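# Structural description and commentary
Read off the chains here:
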Amino acid sequence: MRKDFGPKPILYPMPVLILGTYNEDGTPNAMNAAWGGICGENKILIDLGGHRTTDNLLRNKAFTVAVADAAHVVEADYVGVVSGNEVPDKVARAGLHTVASSRVNAPIIEEFPITLECRLLRVTEEGVVGEILNVCADERVLDGAGQIDPSKVEAITYDPVGHTYIKLGDVVGHAFSDGMRLR
């Protein structure tokens, strides 16, 4: 037996993405965006409404996308519930620190473990499409071979039903190999 929920934005996992831009005066800005994902080899699509971050992104033609982690749930939620139009220095108030991206005119938030540096490609009815120019990761989330270790990232996902954040967990299989047992 299955239960119908109707047309709702329910999908698991739903990544918690923190978009970074610069305000007109050069101060860093960030917002929490749960509706987004990879849409090609080097592209990301994010559904944005009317926000200061959206205005900044359109003006600068650039943005960063950080993966929120369990250690910074409070900060990630704060930049999502507080408007940059009302609190223009919300990144600083959240206690977050930034460095300038060397590839795009947008900030990298140092506390978040992984950041995508993106150039705006286009705006569609579905959202903004960015070209991923680089992915950078804090060394604290790398394994011995210098690759990203998901268990060290401790990425969080948004639960749109319970309105909670959940830490992603254990490896349960191996892509491109486990299915081969059914051949």
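Residues numbered from 1 in each chain as written. Predicted model: local features only at pLDDT ≥ 70, side-chain atom pairs only at ≥ 80, totals over all residues. Heavy atoms only, no water.

### Examining the pairing of strand β4 (residues 43-46)
- Going residue by residue along β4, you find I44 and I46 tucked away on one face and K43 and L45 left uncovered on the opposite face.
- As paired elements, strand β3 (residues 36-38) and β4 share three bridges and run antiparallel to each other. The residue of β4 that forms the bridge with I38 is I44.
- Where β3 folds back on β4, the antiparallel hairpin that results is connected by four residues, among which G40 adopts a positive phi of roughly 150°.
- Strand direction decides the pairing type here: β4 and strand β9 (residues 128-137), joined by four bridges, are antiparallel. Pairing of K43 across the sheet is with E131, part of β9. (Buried < 20%, exposed > 50% of the residue type's maximum accessible area, 1.4 Å probe, protein only. Helix = DSSP H or I, 4+ residues; strand = E, 2+ residues; numbered from the N terminus. Pairing = 2+ DSSP bridges.)

### Re a nonpolar patch on the surface
- On the surface, a cluster of nonpolar side chains totalling about 390 Å² of accessible area is made up of F5, I10, Y12 and V161.
- In this structure, V161 sits in the loop between β10 (156-159) and β11 (164-167). (Patch = residues over 30% accessible without salt bridge, like charges linked within 9 Å, V, L, I, M, F, W, Y side chains within 5 Å. Areas by Shrake-Rupley, 256 points an atom, 1.4 Å probe, with all protein chains shown as cover. Salt bridge = Lys/Arg side-chain N within 4 Å of Asp/Glu carboxyl O.)

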